[in-house]
Amino acid sequence: MRTFKLRTLKLRHLTLAPLAAALAFGLLVNAPAMAQAPQTTPQTDKMAPPPAATKTSPTAGAKSEKVDLLDINSATVEQLEVLPGIGKAYSAAIIKGRPYKGKDELVQKKVVPEKTYEGIKDKIIAKQKG
């Protein structure tokens, strides 16, 4: 009877070994696929068209910019004070530092700080006398 039990145990080990090996192989193969997080970005954001306001022609935008630009070489104190971040002190400093060859000289000559310049650079121009 003892030999029968030994044979039964050996048979169980032999049948479990291939099953355990197959299970381990399956886990190894599928582990990278299970470890990846699902994509949560909706596909509609990637395919959304740009806003309608940005669909202007380059020439139309350039014309309106030229009309709205303020010349720092000829602007009055009141005109300069309308610019964001420019008060009485900065407007007086801008007038005192004239003439400017380019609008970026406001930062180069340390008339206004970089942050203030970033807020007004699209609204100003430095025209040269010709």
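Quick caveat: nothing in here was measured; it's all calculated off a predicted structure.

1. Some words on the overall build of the protein
Okay, step 1: For the protein, the count of helices and strands is seven helices and two strands.
Okay, step 2: In the protein, the succession of helices and strands from N to C terminus is α-α-α-β-α-α-α-α-β.
Okay, step 3: In the protein, once contacts between residues fewer than 6 apart in sequence are set aside, the share between residues at least 24 apart is 47%.
Okay, step 4: In the structure as shown, the protein presents an accessible area of about 10800 Å², 64% of it carried by carbon and sulfur atoms.

2. A few points about the side chain of Thr-116
Okay, step 1: Relative to the helices and strands, Thr-116 is located in helix α7 (residues 114-120).
Okay, step 2: Residue contacts for Thr-116: discarding those within four places in its chain leaves Pro-84, Gly-85, Ile-86 and Tyr-90.

3. Things to note about unusual backbone geometry
Okay, step 1: A cis amide bond links Arg-98 to the next residue, Pro-99, at an omega of 0°.
Okay, step 2: By the element assignment, Pro-99 lies in the loop between α5 (88-96) and α6 (105-108).
Okay, step 3: Here the phi dihedral of Lys-110 falls at roughly 60°; this positive angle occurs in a residue that is not glycine.
Okay, step 4: The topology assignment puts Lys-110 in the loop between α6 and α7.

4. So, the pattern of salt bridges
Okay, step 1: In this structure the tally under the stated criterion is two salt bridges.
Okay, step 2: Across the salt bridge formed by Glu-105 and Lys-109, the nearest N and O atoms sit 3.5 Å from each other.
Okay, step 3: Here Glu-105 falls in the buried class, since its relative accessible area comes to 13%.
Okay, step 4: Residue Lys-121 is joined to Glu-118 by a salt bridge in which the shortest nitrogen-to-oxygen separation is 3.0 Å.
Okay, step 5: Classification of Glu-118 by relative accessible area gives partly exposed; the value is 38%.

5. Some remarks on the confidence of the model for the protein
Okay, step 1: Averaged over all residues, the pLDDT of the protein is 75; the fraction at 70 or higher stands at 58%.
Okay, step 2: The low-confidence segment residues 54-66 (pLDDT under 50) makes one contact with residues lying over four places distant or belonging to another chain.

6. Regarding the nonpolar core
Okay, step 1: If you look at the biggest cluster of nonpolar residues, it comprises 15 residues, and the most contacted ones within it are Ile-72, Leu-80, Ile-94 and Leu-106.
Okay, step 2: Beyond its immediate sequence surroundings of up to four residues, Ile-72 is in contact with Leu-80, Ile-94, Arg-98, Tyr-100, Lys-103, Leu-106, Ile-124, Ile-125 and Ala-126.

7. Focus on the side chain of Glu-105
Okay, step 1: Locating Glu-105 in the fold gives a position in helix α6.
Okay, step 2: If near-sequence neighbours (up to four positions away) are discounted, Glu-105 is found in contact with Pro-99, Tyr-100 and Lys-110.

Rules behind the numbers
Residues numbered from 1 in each chain as written. Predicted model: local features only at pLDDT ≥ 70, side-chain atom pairs only at ≥ 80, totals over all residues. Heavy atoms only, no water. Helix = DSSP H or I, 4+ residues; strand = E, 2+ residues; numbered from the N terminus. Contact = heavy atoms within 4.5 Å. Areas by Shrake-Rupley, 256 points an atom, 1.4 Å probe, with all protein chains shown as cover. Salt bridge = Lys/Arg side-chain N within 4 Å of Asp/Glu carboxyl O. Buried < 20%, exposed > 50% of the residue type's maximum accessible area, 1.4 Å probe, protein only. pLDDT = per-residue confidence, 0-100. Core = buried A, V, L, I, M, F, W, Y, C linked by side-chain atoms within 4.5 Å.

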